[in-house]
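# Commentary on secondary and tertiary structure
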Amino acid sequence: MYMSQTSGAEQDLVPAGLAMESGVGAIPASAGRTKRRPARFDRRRRLATVEVSEGDMDLARATRAVAELLDALGVDRNSESVVDTPQRVARAYAELLTPEPFEATTFPNDEGYDELVVARSIPFSSLCEHHLLPFTGVAHVGYLPGDRLLGLSKLARVVGHFSRRLQIQERLTTQVADWLAAELRPKGVGVVLEAEHACMSLRGVRATGARTMTSALAGLVRDDERTRAEFFALVGCRS
Ligand SMILES: [Zn+2]
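### Here's the deal with the overall build of the protein chain
Counting its regular elements, the protein chain contains seven helices and eight strands. The proportion of buried residues among the 239 residues of the protein chain is 34%. Taking all contacts inside the protein chain whose residues are at least 6 apart in sequence as the whole, residues at least 24 apart take part in 71%.

### Thoughts on the pairing of strand β3 (residues 117-128)
Here nine bridges tie β3 to strand β4 (residues 134-144), and the two strands are oriented antiparallel to one another. Bridge assignment links phenylalanine 124 to a residue of β4, and that residue is glycine 137. With two bridges joining them, β3 and strand β6 (residues 166-167) adopt parallel strand pairing. What sits directly across from cysteine 128, in β6, is glutamine 167.

### Considering unusual backbone geometry
The phi dihedral of serine 121 falls on the positive side, at around 60°, and the residue is not glycine. In this structure, serine 121 sits in strand β3. Using a count of 11 C-beta atoms within 10 Å as the deciding quantity, one classes serine 121 as exposed. For arginine 206, which is not a glycine, the phi torsion comes out positive at approximately 50°.

### Observations regarding helix α1 (residues 59-72)
Taking 1.5 Å as the rise per residue, α1 with 14 residues should run 20 Å; its terminal C-alpha atoms sit 20 Å apart, in good agreement. Trailing α1 by a residue or two, glycine 74 shows a phi angle of about 80°, which is positive.

### Thoughts on helix α7 (residues 225-235)
Along α7, the positions that sit buried rather than exposed are Thr227, Arg228, Phe231, Phe232 and Val235. Each buried residue of α7 lies within a common arc of 130° when the element is viewed along its axis, so the set occupies one face. Within α7, the exposed residues directed more than 90 degrees away from the buried face are Glu225, Arg226 and Ala229. Looking at the buried side of α7, the elements it contacts are β3, β4, β7 (188-197), β8 (212-219) and α6 (220-223).

### Let's talk about the packing of helix α3 (residues 152-163) against helix α4 (residues 169-184)
The contact between α3 and α4 brings their axes to 10 Å, and the two run at 135°. Taken together, the axes of α3 and α4 are oblique relative to one another. With respect to the hand of their crossing, α3 and α4 are arranged in right-handed fashion. Along the contact surface, α3 presents Val158, Val159, Phe162 and Ser163, while α4 presents Leu172, Gln175, Val176, Trp179 and Leu180.

### Examining the pairing of β4
Most of β4 is tucked away: eight of the 11 residues are buried. Counted between consecutive antiparallel strands, the loop separating β3 from β4 contains five residues, among which leucine 132 sits at a positive phi close to 60°. Where β4 and β7 come together, 10 bridges link them in antiparallel fashion. Each bridged residue has a counterpart across the sheet, and for tyrosine 143 the counterpart in β7 is valine 189.

### Topic: the nonpolar core
Formed by 35 residues in total, the largest nonpolar core has its most connected members in Val176, Ala177, Leu180, Val189 and Val191. Looking at this core element by element, the count peaks at eight residues for α4. Those residues in contact with leucine 180 that sit more than four places away from it in its chain are Tyr143, Val158, Pro186 and Val189.

### Concerning the confidence of the model for the protein chain
Averaged over the protein chain, the pLDDT score is 82; the fraction of residues at 70 or greater is 76%. When pLDDT is averaged over each helix and strand of the protein chain, the minimum, 61, is found for strand β1 (residues 20-24) and the maximum, 98, for β7. Below a pLDDT of 50 lies the segment residues 1-17, which in the model reaches 41 contacts outside its immediate sequence neighbourhood of four places, other chains included. Considering only residues more than four positions removed or in separate chains, one finds that residues 25-51, a stretch of pLDDT under 50, has 44 contacts.

### Section: the packing of α1 against helix α2 (residues 85-96)
The N-to-C vectors of α1 and α2 enclose an angle of 125°; their axes lie 8 Å apart at closest approach. Looking at the two axes, α1 sits oblique to α2. Considering the relative orientation of α1 and α2, their crossing is right-handed. Each of Leu59, Ala62, Thr63, Val66, Ala67 and Leu70 in α1 lies in contact with α2, whose residues at this interface are Thr85, Pro86, Gln87, Val89, Ala90, Arg91, Tyr93 and Ala94. A class-by-class count of the residues in the contact of α1 with α2 yields 10 nonpolar, three polar and one charged.

Thresholds, definitions, all that
- Residues numbered from 1 in each chain as written.
- Predicted model: local features only at pLDDT ≥ 70, side-chain atom pairs only at ≥ 80, totals over all residues.
- Helix = DSSP H or I, 4+ residues; strand = E, 2+ residues; numbered from the N terminus.
- Buried ≥ 20, exposed ≤ 12 C-beta atoms within 10 Å, placed from the backbone.
- Contact = placed C-beta atoms within 7 Å.
- Pairing = 2+ DSSP bridges.
- Expected span 1.5 Å × (residues − 1).
- Arc of directions from axis to C-beta.
- Axes fitted to C-alpha atoms, helices over the stretch in contact; angles between N-to-C directions.
- Parallel < 35°, antiparallel > 145°, perpendicular 65-115°, else oblique.
- Left-handed = near helix turned anticlockwise from the far one by under 90°.
- Core = buried A, V, L, I, M, F, W, Y, C linked by C-beta atoms within 7 Å.
- pLDDT = per-residue confidence, 0-100.
- Nonpolar A, V, L, I, M, F, W, Y, C, P; charged D, E, K, R; others polar.

Below, the structure is given as structure tokens:
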């Protein structure tokens with residue numbers, strides 16, 4: 001599944017004005033680009049896309065469910081070190097599914113900075129929604145400023161925010177790019193994620209060390225050859 005181009009759902013998230021290109025595997029992925037549809041991104045919902053909120057969480061119920069899962073898997077829960085495991089697992093998942101809120105601090109681009117701003121190798125971890133197993137890696141996030149600049153730490157915060165929920169890497173990549181596009185109205189956005197998926201390395205094909213790469217490009221980072229090449233040079237991928 002990771003060999004194919006992304007299309008479909010991700011394309012729906014593209015903000016107006018910045019058509020998006022998403023790719024999986026070899027990047028960038030301009031071949032097989034799907035027809036772009038009108039944006040459905042809603043600024044009011046930009047941080048409300050959280051699928052699980054703390055208010056929805058029932059830790060006692062989750063604890064019972066984990067106990068039931070262990071029982072169903074034939075695990076003996078009587079040993080001292082396992083007796084509290086259901087509660088620990090419930091708490092751990094609750095934490096992994098609770099995004100940290102953050103304020104987008106932006107500044108006017110008074111001096112007209114017009115080169116790429118790129119944060120490279122931002123570490124992240126998220127949960128694969130197909131297996132509830134983690135995928136971890138690094139994100140490279142960049143934009144070509146328009147009228148606003150974003151506080152630098154926020155580039156990492158955005159990745160962290162969208163990681164803390166059930167995800168697929170393709171969607172996470174696009175959500176980060178969409179958020180930047182909507183929040184900053186930049187001239188271009190580029191996001192590349194490289195991650196190892198526990199569901200691929202620990203089980204199934206057991207492809208330990210295989211990294212899945214995804215990209216989402218918009219505006220001049222996608223359309224202008226020089227900017228695109230510069231972005232990929234800065235993030236250490238070949239264009
Ligand atoms: Zn998975």
